[in-house]
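# A closer look at the structure
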Amino acid sequence: MCPQPRFEFSLAGEAEDEALRTLLRQISMPGTITLSFHREPSFFLAEQAGNITSQVLVCKDRQKDQVVGMGSRSIRCVYIDGKPTRVGYLSMLRGLPQARGNIALARGYRYLQTLHTDGAVPYYFTTIRDDNTTARALLTSGRGGLPIYKPLARLITYLIPLRRNRVTSRGRFIAPMPPTVDV
């Protein structure tokens, strides 16, 4: 008899709301600006924004009975060549260290492939920050049965600081250094 795999994949429900929000608080994306996505007070309420529908995949560590990874498959309506078209958007790929560096990611994508058989969309897109070299290298490698990600375009986003700059009594300019940008 084969032992059960350590990691189990399923669709998340309201029961995982707190675990998903905790996972997002624990994992930020490093880079020139550290980016952290929070979904308070409800993960699933925030997940609805901009999506026709959304499926959140969770990776649970059976040994620890803990959510250690996640990803989202959303269906969005966008305009392609001037016509409204439904496309898939893959996002929120996050994993704690114990879920990285093994076959968990490939197994997660295989689970995603079974969801894709519903025929809801012809293809998917995702966004990866330029300075997230680890994610770019992994997702464009095609290794371990991962789908092939192909760069399509660059998206430039502007950041609006939420803190005001200060001027000291001597007239010197002091710009705050935000450690994290919450989205």
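Rules of the game
Sequence order as written defines the numbering, with residues in each chain counted from 1. Predicted model: local features are reported for residues with pLDDT of at least 70 only, side-chain atom pairs are reported and counted for 80 or more only, and whole-chain, interface and lining totals are derived from all residues. In computing side-chain values, all of the structure's heavy atoms are included and hydrogens and water are not. Nonpolar core, defined: a set of buried Ala, Val, Leu, Ile, Met, Phe, Trp, Tyr and Cys residues in which side-chain atoms within 4.5 Å join the residues together. Using a 1.4 Å probe on the protein chains alone, a residue whose accessible area is under 20% of its type maximum counts as buried, one over 50% counts as exposed, and one in between counts as partly exposed. Every residue pair with non-hydrogen atoms within 4.5 Å of one another is taken to be in contact. By salt bridge we mean one thing: a side-chain nitrogen of Lys or Arg within 4 Å of a carboxyl oxygen of Asp or Glu. Numbering of helices and strands runs from the N terminus; a helix is a DSSP stretch of H or I covering at least four residues, while a strand is a stretch of E covering at least two. Pairing between two strands requires that DSSP report at least two bridges joining them. Crossovers are described as right-handed under a simple rule: with the strands pointing away from the observer, the path leading from the first strand over the helix to the second runs clockwise.

## Details of the nonpolar core
Membership of the largest hydrophobic core comes to 19 residues, with the highest contact counts inside it found for F7, L20, F43, V56 and M70. Those residues in contact with F7 that sit more than four places away from it in its chain are C59, K60, D61, R62, V68, Q98, A99, N102, A104 and R107. By size, the runner-up hydrophobic cluster in this structure holds 9 residues, among which are L57, A106, L112 and L115.

## Looking at the pattern of salt bridges
Under the criterion given, the structure shown has 13 salt bridges. The shortest N-O distance in the salt bridge between E40 and R25 comes to 2.4 Å. In this pair, E40 sits in the loop between β2 (35-36) and α2 (43-47) while R25 sits in helix α1 (residues 17-26), placing the two residues 15 residues apart along the sequence. Given the relative accessible area of 40%, E40 is considered partly exposed. Within the structure, one salt-bridge network assembled from shared partners comprises D17, E18, R21, R25 and E40.

## Section: the pairing of strand β5 (residues 83-95)
By the bridge criterion, 11 bridges tie strand β4 (residues 66-80) to β5 in an arrangement that is antiparallel. Bridge assignment links Y79 to a residue of β5, and that residue is P84. Counting the residues that bridge the hairpin from β4 to β5 gives 2 residues, and of these D81 lies at a positive phi of roughly 55°. Handedness of the crossover joining β5 and strand β6 (residues 124-125) through helix α3 (residues 104-116) is recorded here as right-handed.

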